[in-house]
Amino acid sequence: MALSIIYARSENHCIGHQGRLPWNLPDEFASFNNITDGKAVIMGRRSYEDHHSVLPNRLNIVVSRQVDYVLPAPMILTTDLITALQIAADYSAEYFIIGGVKLISEGLSQASRVVETIVHAEVNGDTFLPAMDFSHYTSEIIEHHHVDENHASAFTVWQHTRT
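A brief look at the structure comes next. The structure displayed is predicted, hence computed values, not measured ones.

### Some points on the pairing of strand β4 (residues 59-63)
Okay, so step 1: Within β4, five of the five residues are buried, leaving the element largely enclosed by the surrounding structure.
Okay, so step 2: The alternating pattern of β4 places L59, I61 and V63 on one face and N60 and V62 on the opposite face, and all of these are buried.
Okay, so step 3: Pairing of strand β3 (residues 40-44) with β4, which is carried by five bridges, proceeds in the parallel orientation. From the neighbouring strand, M43 faces β4, where its bridge partner is V62.
Okay, so step 4: Of the crossover connections in this fold, the one passing from β3 over helix α2 (residues 45-51) to the parallel β4 is right-handed.
Okay, so step 5: Two elements, β4 and strand β5 (residues 76-78), share three bridges in a ladder whose sense is parallel. From the neighbouring strand, V62 faces β5, where its bridge partner is L77.

### A look at the sheet that holds strand β1 (residues 2-10)
Okay, so step 1: The sheet built from eight strands is open, its strands ordered β5-β4-β3-β6-β1-β7-β10-β9 with mixed pairing. Strands with a single pairing partner mark the edges of an open sheet, and in this sheet they are β5 and β9 (137-145). Neighbour to neighbour, the strand axes of the sheet diverge by 20° on average, direction disregarded.
Okay, so step 2: As judged from the seven bridges shared by strand β7 (residues 113-119) and strand β10 (residues 155-162), these two strands associate in the antiparallel manner. Its bridge partner lying in β10, V119 is registered against F155.
Okay, so step 3: Across the sheet, helix α1 (residues 26-36) lies against β1, β3, β6 (94-99), β7, β9 and β10, angled at about 175° from β1, the strand it touches most.

### Some words on the pattern of salt bridges
Okay, so step 1: Here the structure, examined in full by the defined rule, presents five salt bridges.
Okay, so step 2: Between E49 and R45 there is a salt bridge, with its nearest N and O atoms 3.0 Å apart. Of the two residues, E49 and R45 are both situated in helix α2; the distance of four residues between them amounts to about one turn of the helix.

Quick notes on the rules
Residues numbered from 1 in each chain as written. Predicted model: local features only at pLDDT ≥ 70, side-chain atom pairs only at ≥ 80, totals over all residues. Heavy atoms only, no water. Buried < 20%, exposed > 50% of the residue type's maximum accessible area, 1.4 Å probe, protein only. Helix = DSSP H or I, 4+ residues; strand = E, 2+ residues; numbered from the N terminus. Pairing = 2+ DSSP bridges. Right-handed = clockwise from strand over helix to strand, strands pointing away. Axes fitted to C-alpha atoms, helices over the stretch in contact; angles between N-to-C directions. Contact = heavy atoms within 4.5 Å. Salt bridge = Lys/Arg side-chain N within 4 Å of Asp/Glu carboxyl O.

What follows is the structure in structure tokens.
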């Protein structure tokens, strides 16, 4: 069983603004969907509230300290990452933390793979991810997308695999 992490960040490490993603990059979202399809995804409550819907064809697990937080079926609520990881491991061989900052930071030491999209822009926001140390990973670019009529910013998708 393998924990992976997937996220997108700007060059200045912004991942959010007012509870939402600070960009609209349809092909980056399509890449996220393709990579996580059929897998368990673990997210914090605020990450869930960014889209307020079940991500289809995935086991959706929300981690929140609010034990009475109401989620639509078939989403699963848990109060800690350890329990979320156990549930996810029972569902799929690879499972993903998809946000937020606290869960990504907590899970990094256990992750065998990190899929990191870097949006080539400096973004004003209110949620930032600290710089990650990938010195114990092998890193490769798996996708690069240029600016076009549907994408105001270019982005590069990196895959970091623990060595």
